[in-house]
Amino acid sequence: MTNTQLIARARAHNFFSWSAQDAVNPLVMARAEGCYFWDADGKRYFDLNSQSMCMNIGHGDPRVIAAIQAQAAELAYAGPGMVTRVRAELGEALAKVTPAGLDHFFFGVSGADANENAVKMARAVTGRHKVLARYRSYHGATYGAISLTGDPRRWASEPAIPGVVRYPDPYKYRSALYREGDSDADFAQRCLDQLEEILMFEGPHTVAAILMETVTGTNGVIIPPDGYLQGVRELCDRHGILLICDEVMTGFGRTGAWFGVDHWGVKPDMITMAKGLTSAYLPLSAVAVNDRVFDHFRTNVFYGGLTYSAHPLCLAAALATIRVIEEDDLVGNARRMGRVLAELHDELKAEHPAIGDVRSIGLLGCIELVKDRVSKEPLAPYTGGGDVMPKIAAYLRQHGVYTYVWRNLLHTNPPLCVTEAELREVMAIVNDALAIADAAIG
Ligand SMILES: Cc1ncc(COP(=O)(O)O)c(C=O)c1O
């Protein structure tokens, strides 16, 4: 079957997400291995977005596939109240890689449900109802999670669930709080002062949780200045508020550490995770909670559950994924290749006037395009659109590179198994594609 035939058949009976159905222009994936996938006509693509920033270990790893097959043969499904061998083993394995103290895990199936369950838990533990979440954030597409999301994907689902209050992001490149010459500590302090003022206006005693992506993902790889996370932790402690870090994208080595919070040594009360937890071989999420949260539920019922909570096949995929990350030192590779990626980003910025900023931590990266470096006017509007970014995406696709291009952002998130040669090769194609942006701004 050719690409054209497959696309026609799929489009006849499928509903695609985040799209007007007549506008979808999908790629076909026939097979995949490592950093690459092939379409049905045999064309190869480099996966510069690890699909949805989720295939951390890379495609087609036989160790994970074998673990899923073995689990299917042993026990394919058990209800969420059952204990299974793999459930016992995965809890122990996760407790070894999460920050100390975050060692009780509630399993779901998606990043969205992990965030919703974390909020439910925070409300139950504190008896308060408000949740502070950031503007440039994405926490999932189900009703609660999209209400927590700050970016425009939320608008179509409003009015949202009540109790969500938004606060601004520590976005050095565009924040009005950043002053030229600020140290990390200066900028972090301004952001913290602003957050504290918002808390004062809201009444800290009404706030159950502060939620954040440790490093913002799809909204542009916003890396908090040193001191920010520590300061938020301190604010939470002072007011009895729970800190929830959404590590759905940043977990499992993506940033060059097991979890984003490890870079700053901060321990949230809860970490939500999905994507890299199984490297997306099967759907699985988890909420990791500390004793403060867990102790509450020793004697109080947790009102939440899913038919597929702790699904044995998904747990087996997670267990095998953790082993692969350890065996292949993928956290170390993300750190080492992250340094190469950062250098390549800097070289691109030196060459292309259309690049306003480049940001990366480990192998979570993004290139921000502008019409003018001084005014910082984005190359495409905040709501998306314009014709330059689609041209860049089309060029990349034509030249065998798949990545996430939206608004004025071009994401650079290869699988963590990427080699230096592969990284240099794919970024050379990105370099060529960026000539389109330079030409557009004249
Ligand atoms: C930071 C973050 N949180 C939550 C989610 C939602 O995860 P899912 O699509 O598995 O519901 C995503 C998905 O992109 C994400 O990037």
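Residue numbers restart at each chain and count upward from 1, following the sequence in its written direction. Whole-chain, interface and lining totals are the exception, using all residues; otherwise, since this is a predicted model, local features are given only for residues with pLDDT of at least 70 and side-chain atom pairs are given and counted only at 80 or more. Note that the side-chain values use all heavy atoms of the structure and ignore hydrogens as well as water.

**Some points on the overall build of the protein chain**
Turning to step 1, where the next piece is worked out: Counting its secondary structure elements, the protein chain contains 13 helices and 15 strands.
Turning to step 2, where the next piece is worked out: Relative to a compact globule of 442 residues, whose C-alpha radius of gyration would be 22 Å, the protein chain shows 22 Å and is just as compact.
Turning to step 3, where the next piece is worked out: Its C-alpha atoms give the protein chain principal-axis dimensions of roughly 60 × 60 × 40 Å.
Turning to step 4, where the next piece is worked out: Type-normalised accessible area, obtained with a 1.4 Å probe on protein chains alone, sets the label of each residue: buried when under 20%, exposed when over 50%, and partly exposed for intermediate values. Among the 442 residues that make up the protein chain, the fraction classed as buried is 55%.
Turning to step 5, where the next piece is worked out: In what follows, a contact means two residues having at least one pair of non-hydrogen atoms within 4.5 Å. Residue pairs in contact within the protein chain that sit at least 24 positions apart in sequence constitute 73% of those at least 6 positions apart.
Turning to step 6, where the next piece is worked out: Using a 1.4 Å probe, the Shrake-Rupley method yields the accessible areas, and only the shown protein chains count as cover for residues. Split by element, the accessible area of the protein chain, about 18,300 Å² in all, is 54% carbon and sulfur.
Turning to step 7, where the next piece is worked out: Positive: Lys, Arg. Negative: Asp, Glu. His and the chain ends are not part of the count. The atom standing in for a charge is NZ when the residue is Lys, CZ when it is Arg, CG when it is Asp and CD when it is Glu. Looking at charge distribution, the protein chain has the averaged site of its 42 positive side-chain charges lying 3 Å from that of its 51 negative ones. Helix and strand assignments follow DSSP, with helices taken as H or I runs no shorter than four residues and strands as E runs no shorter than two, numbered in order from the N terminus. Restricting the calculation to C-alpha atoms gives the radius of gyration, and the globule rule supplies 2.2 Å times the number of residues raised to the power 0.38.

**Regarding the site of the ligand**
Turning to step 1, where the next piece is worked out: Neighbouring residues of the ligand: Ser110, Gly111, Ala112, Asn115, Tyr138, His139, Gly140, Glu213, Asp246, Val248, Met249 and Lys275.
Turning to step 2, where the next piece is worked out: Whenever two N or O atoms come within 3.5 Å, that pair is a polar contact, provided that in protein one can donate a hydrogen and the other can accept it, and provided that, for residues adjacent in sequence, both atoms are side-chain atoms. Within the backbone of Gly111, an N or O atom sits 2.9 Å from an oxygen atom of the ligand.
Turning to step 3, where the next piece is worked out: Ala112 is positioned with one of its backbone polar atoms (N or O) 2.9 Å from an oxygen atom of the ligand.
Turning to step 4, where the next piece is worked out: Burial of the ligand by the surrounding chains reaches 82%, relative to a free accessible area of 390 Å².
Turning to step 5, where the next piece is worked out: Residue contributions to the shell around the ligand peak at three residues, all from helix 5 (residues 111–126). If a single non-hydrogen atom of a residue is within 4 Å of a molecule or strand, that residue counts as near it.

**Some points on the state of the cysteines**
Turning to step 1, where the next piece is worked out: What counts as a disulfide here is a pair of cysteine sulfur atoms lying within 2.5 Å. Across all of its chains, the model carries zero disulfides by this definition.
Turning to step 2, where the next piece is worked out: Free cysteine Cys54: the closest other cysteine sulfur is in Cys417, separated by 13 Å.
Turning to step 3, where the next piece is worked out: Just so you know, Cys314 is unpaired, no disulfide at all, and the nearest cysteine sulfur is the one on Cys54, 14 Å from it.
Turning to step 4, where the next piece is worked out: Taking the relative accessible area as the measure of exposure, Cys314 reaches 8% and is therefore buried.

**A closer look at the packing of helix 7 (residues 184–202) against helix 8 (residues 228–239)**
Turning to step 1, where the next piece is worked out: Two numbers describe how helix 7 lies on helix 8: the axes approach to 9 Å, and their chain directions differ by 25 degrees. The pairing of helix 7 with helix 8 is recorded here as roughly parallel in orientation. Between helix 7 and helix 8 lies a crossing whose hand is right-handed. Residues Ala188, Cys191, Leu192, Leu195, Glu196 and Leu199 of helix 7 form the contact with helix 8, whose participating residues are Tyr228, Gly231, Val232, Leu235, Arg238 and His239. As a rule, the C-alpha atoms of each element are fitted with a line to give its axis, helices using only the stretch in contact, and angles between N-to-C directions run from 0 to 180 degrees. Working rule for angles: under 35 degrees goes down as roughly parallel, over 145 as roughly antiparallel, 65 to 115 as roughly perpendicular, anything else as oblique. Each crossing gets its hand from how the near helix is turned against the far one by less than a right angle, where anticlockwise is left-handed and clockwise is right-handed.

**Quick notes on the domain arrangement of the protein chain**
In many analyses, interface size is given as the accessible surface area lost on bringing the parts together.
Turning to step 1, where the next piece is worked out: Domain boundaries in the protein chain define domain 1 (3–57 + 329–440) and domain 2 (62–327).
Turning to step 2, where the next piece is worked out: Across the boundary between the two partners, domain 1 contributes 39 residues, which contact 42 residues of domain 2.
Turning to step 3, where the next piece is worked out: Buried area counts how much accessible surface, traced with a 1.4 Å probe, disappears from two parts once they are put together, with both parts' losses summed. Summed over both partners, the interface of domain 1 with domain 2 buries about 3,200 Å², with 62% contributed by carbon and sulfur atoms.
Turning to step 4, where the next piece is worked out: Here, a salt bridge means any Lys or Arg side-chain nitrogen found within 4 Å of an Asp or Glu carboxyl oxygen. In this structure, the connection of domain 1 to domain 2 is made through one salt bridge.
Turning to step 5, where the next piece is worked out: Between the two partners, domain 1 and domain 2, sit 23 residue pairs in polar contact (both at pLDDT 80 or more).
Turning to step 6, where the next piece is worked out: No other element matches strand 11 (residues 355–361), which puts five residues into the side of domain 1 that touches domain 2. Where each domain begins and ends is defined by an automated method or by a domain database.

**Side note on helix 11 (residues 330–351)**
Turning to step 1, where the next piece is worked out: Here, expected helix span is obtained from the residue count minus one, scaled by 1.5 Å. The first and last C-alpha atoms of helix 11 sit 30 Å apart over 22 residues, in line with the 32 Å expected at 1.5 Å per residue.
Turning to step 2, where the next piece is worked out: Along its buried surface, helix 11 packs onto helix 10 (312–327), strand 11, strand 12 (364–369), strand 15 (409–412) and helix 13 (420–440).

**Overview of the pattern of salt bridges**
Turning to step 1, where the next piece is worked out: Considering all chains together, one arrives at 23 salt bridges under this definition.
Turning to step 2, where the next piece is worked out: Here Asp328 ties to Arg63 by a salt bridge, and the two come within 2.7 Å at their closest N and O atoms. With Asp328 in the loop between helix 10 and helix 11 and Arg63 in helix 3 (residues 62–74), this pair connects stretches of sequence that are 265 residues apart.
Turning to step 3, where the next piece is worked out: On the basis of relative accessible area, Asp328 is assigned to the partly exposed category, the value being 36%.

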